[in-house]
Amino acid sequence: MSEIWLVLGLLAVSTFALRAVGPVLLGGRELPARAADAVELLPPALFTALIVPQVFGSGEVLALDERAAGLAAAGVAVALRAPASLVLPAAVLPTRPCERSRRRAFDGHETLWRPGASGILRWWRSTAKSLPTMRRAPNPIDCASPVAGWSSCGHKSCSAASCHPRRGSSSMSGAGAGFTRCRWRRRATRSTCSIRSSCTSSKCSHRRASSKCRLPARGSVTRPYFHQPNELRGELEDGGFRVEVIVAVEGPGSFRPELDGWLEDVERCDVLLSAIRRVESEPAVLGASAHVLAFGRK
Amino acid sequence: MPRRALAAQLVMDESWAVGQVAPGRWNSKLLIGAGLVIWVTWLAGTVVGALGAGVVADPRRLGLDVAFPALFLALLPPQLRMRRAIVASGASALLVVALVPAVPPGIPILAASLVCLAGLIRR
């Protein structure tokens with residue numbers, strides 16, 4: 001306890017000193033004209049920079065969710081020249097209903113839309129994020145492969161990981177569905193799932209409303225009910241926990257060939273773990289994992 | 001001198017914005033007054049939060065995380081009187097959007113505040 005107070009005291013003193021040093025040493029003097037021109041631009045630049053990540057950022061991902069609706073409402077209030085005491089309630093009011101309808105429509109997915117999943121932004125994100133990894137990795141090709149190995153099996157051939165009746169099913173339903181070569185197309189798919197001609201004639205129709213994982217019935221392996229990762233969230237929330245994250249245990253990283261070698265080598269282990277960290281909480285990946293782990297607080 | 005050191009403690013984003021009467025001009029009484037109000041309410045809010053945080057399950061669900069951005073949005077229009085300021089604000093927004101996916105949280109804000117250095121360019 002005393003250490004905490006010591007740190008607090010030191011921080012308080014240093015903050016006080018930092019704040020005071022400028023005005024005490026330089027106070028009362030006029031800023032040079034050019035510096036004043038720069039300082040003038042600081043508030044608009046800084047305020048914008050304070051707004052944008054708090055509304056459109058979610059950790060290191062861009063996200064568009066109910067906070068944007070709140071900001072839009074605040075924008076309308078500001079445009080109508082409402083006082084700040086009205087702007088804040090205006091911003092807070094629409095977020096709760098928007099959040100509810102998002103959860104209803106998207107079924108617990110964290111955000112409504114992630115630019116990270118599309119086009120140029122995805123490219124920028126992957127490039128920007130792999131830079132430090134590329135430098136550290138012993139071999140640049142190897143470095144990409146913990147993830148690439150997973151994604152090629154996920155998208156090209158139809159393996160256990162590629163079929164998600166809903167975005168995220170248990171590994172068993174994934175594996176079971178793999179037998180029927182059921183292919184999950186990400187865009188069209190929140191409601192449909194097509195079956196290739198090479199497999200059994202059964203058709204699989206996954207409706208949005210169903211919360212159970214339905215495997216194609218005839219000709220497939222099994223027809224039991226399997227838990228889905230997003231159901232774990234519901235169960236924890238029912239138990240009064242606030243779920244912070246659901247992660248894959250034995251997820252994509254465990255598909256890596258020569259896994260032991262990767263784990264033993266400190267440098268490669270670092271690369272592998274950083275790759276895993278990027279995908280471990282991705283809803284689409286949870287279903288491809290042997291286990292899922294939910295972390296919540298009460 | 002001690003007065004200045006104390007007054008400096010009350011200079012923060014919000015009081016700075018409220019105390020600005022013209023571009024590059026601040027009313028010191030307004031600035032210190034706003035700073036005092038913020039200081040008192042901030043402390044009170046911290047006490048309430050420390051004592052009563054357990055009552056609120058998830059602050060995100062109340063939509064309180066838009067309160068701060070909304071506050072800054074309310075403070076922004078008076079700053080955007082000049083074209084240069086609007087350009088700086090837009091550039092800062094673009095920079096932040098580009099940096100958020102790439103670097104740890106916090107860095108984009110620091111980087112975007114450097115946009116003001118464009119003001120050094122002679123008009």
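Everything numeric here is computed off the predicted structure, so don't read it as measured data.

A. Structural view of the overall build of chain B. Along its length, chain B carries six helices and two strands. A buried classification covers 35% of the 123 residues belonging to chain B. Counting only contacts in chain B whose residues sit at least 6 apart along the sequence, the fraction spanning at least 24 positions is 41%.

B. The arrangement of helix 5 (residues 83-99) of chain B in detail. Taking 1.5 Å of rise per residue, 17 residues should cover 24 Å, and helix 5 of chain B covers 24 Å from first to last C-alpha, within 8% of that figure. Listed as buried for helix 5 of chain B are Ala 85, Ala 88, Ser 89, Ser 92, Ala 93, Val 96 and Leu 99 of chain B. The buried side chains of helix 5 of chain B occupy one side of the element, clustering within an arc of 140° when seen end-on. Helix 5 of chain B presents Arg 83, Val 87 and Leu 94 of chain B as exposed residues on the side facing more than 90 degrees away from its buried surface. Next to the buried residues of helix 5 of chain B lie helix 2 (33-56) of chain A together with helix 6 (107-113) of chain B.

C. Representation of unusual backbone geometry within the structure. Residue and element names in this part refer to chain A. Unlike most non-glycine residues, Arg 81 shows phi in positive territory, near 60°. Mapped onto the elements, Arg 81 comes out in the loop between helix 3 (66-79) and helix 4 (84-92). Judged by relative accessible area, which is 75%, Arg 81 ranks as exposed.

D. Looking closely at the packing of aromatic side chains. Going through the model one piece at a time under the given rule, you end up with four aromatic pairs over all chains. Pairing Trp 42 of chain B with Phe 68 of chain B gives two aromatic rings, centres 6.3 Å apart and planes at 70°, and the pair type is edge-to-face. With Trp 42 of chain B in helix 3 (residues 28-52) and Phe 68 of chain B in helix 4 (residues 67-75), the pair connects residues that are 26 residues apart, well separated along the chain. An aromatic cluster is built from Phe 47 of chain A together with Trp 42, Phe 68 and Phe 72 of chain B, whose rings are joined through pairwise contacts. A cation over a ring is seen here: Arg 268 of chain A above Trp 262 of chain A, with NZ or CZ 4.9 Å from the ring centre. Sitting over the face of the ring of Phe 241 of chain A, Lys 298 of chain A holds its NZ or CZ atom 5.0 Å from the ring centroid.

E. Expanded view of the layout of surface pockets. Considering only enclosed or pocket space, the second largest pocket measures out at about 1,600 Å³ in volume. Every residue lining the second largest pocket is counted, 34 residues in all, and those nearest its centre are Pro 23, Gly 27 and Leu 31 of chain A together with Trp 16 and Trp 26 of chain B. Secondary-structure elements contributing two or more residues to the lining of the second largest pocket are helix 1 (2-26) and helix 2 of chain A together with helix 1 (2-8), helix 2 (13-19), strand 2 (25-26) and helix 3 of chain B. At seven residues, the largest contribution of residues to the lining of the second largest pocket is made by helix 2 of chain A. Along the lines of polarity and charge, the residues of the lining of the second largest pocket split into 21 nonpolar, five polar and eight charged.

F. View of the pattern of salt bridges. All names here are of chain A. Counted according to the given criterion, the structure contains three salt bridges over all chains. A salt bridge links Arg 297 to Glu 244, with the shortest nitrogen-to-oxygen separation between them at 2.9 Å. On the criterion of sequence distance, the pair formed by Arg 297 in strand 6 (residues 291-297) and Glu 244 in strand 5 (residues 242-249) is long-range, its members being 53 residues apart. One salt bridge in this structure joins Arg 268 and Asp 265, with 3.4 Å as the shortest N-O distance. The buried category is assigned to Arg 268, whose relative accessible area is 18%. In this structure Asp 265 comes out as partly exposed when scored by relative accessible area, which is 31%. Several salt bridges converge on common partners, so that one network encompasses Arg 242, Glu 244 and Arg 297.

Cut-off values and rules
- Within each chain, residue numbers correspond to sequence positions counted from 1 in written order.
- Chain letters start at A and ligand numbers start at 1, both assigned in the order the entries are written.
- Local features in this predicted model are restricted to residues of pLDDT 70 or higher, and side-chain atom pairs are both shown and tallied only at a pLDDT of 80 or more, whereas totals for entire chains, interfaces and linings draw on every residue.
- In computing side-chain properties, one takes all heavy atoms of the structure into account and sets aside hydrogens as well as water.
- Numbered from the N terminus, helices here are DSSP runs of H or I no shorter than four residues, and strands are runs of E no shorter than two.
- Relative accessibility thresholds used throughout: buried, under 20% of the residue-type maximum; exposed, over 50%; partly exposed, between the two (1.4 Å probe, protein chains only).
- Residue contacts follow a heavy-atom distance rule, with two residues in contact if any of their heavy atoms lie within 4.5 Å.
- In this scheme, a helix's expected span is set at 1.5 Å multiplied by one less than its residue total.
- The arc in question is traced by the directions running from the helix axis to the C-beta atoms.
- For Phe, Tyr and Trp, where Trp contributes only its six-membered ring, two rings pair if their centres lie within 6.5 Å, and the inter-plane angle classes them as stacked under 30 degrees, edge-to-face over 60, or tilted in between.
- Geometrically, a lysine NZ or arginine CZ counts as sitting over a ring once it is within 6 Å of the ring centre and also within 35 degrees of the ring normal.
- Any residue with an atom within 4 Å of a point lines the site, the site being either a cavity, points on a 1 Å grid over the protein atoms alone where a 1.4 Å probe fits but cannot get out, or a pocket, an open set with protein on both sides within 12 Å along at least 5 of 7 lines.
- Grid points are joined across faces, edges and corners, and a volume is the space filled by probe spheres set on the points.
- In this classification, the charged set is Asp, Glu, Lys and Arg, the nonpolar set is Ala, Val, Leu, Ile, Met, Phe, Trp, Tyr, Cys and Pro, and all remaining amino acids, among them Gly, are polar.
- Every case where a carboxyl oxygen of Asp or Glu lies within 4 Å of a side-chain nitrogen of Lys or Arg is listed as a salt bridge.

By themselves these figures say nothing about function.
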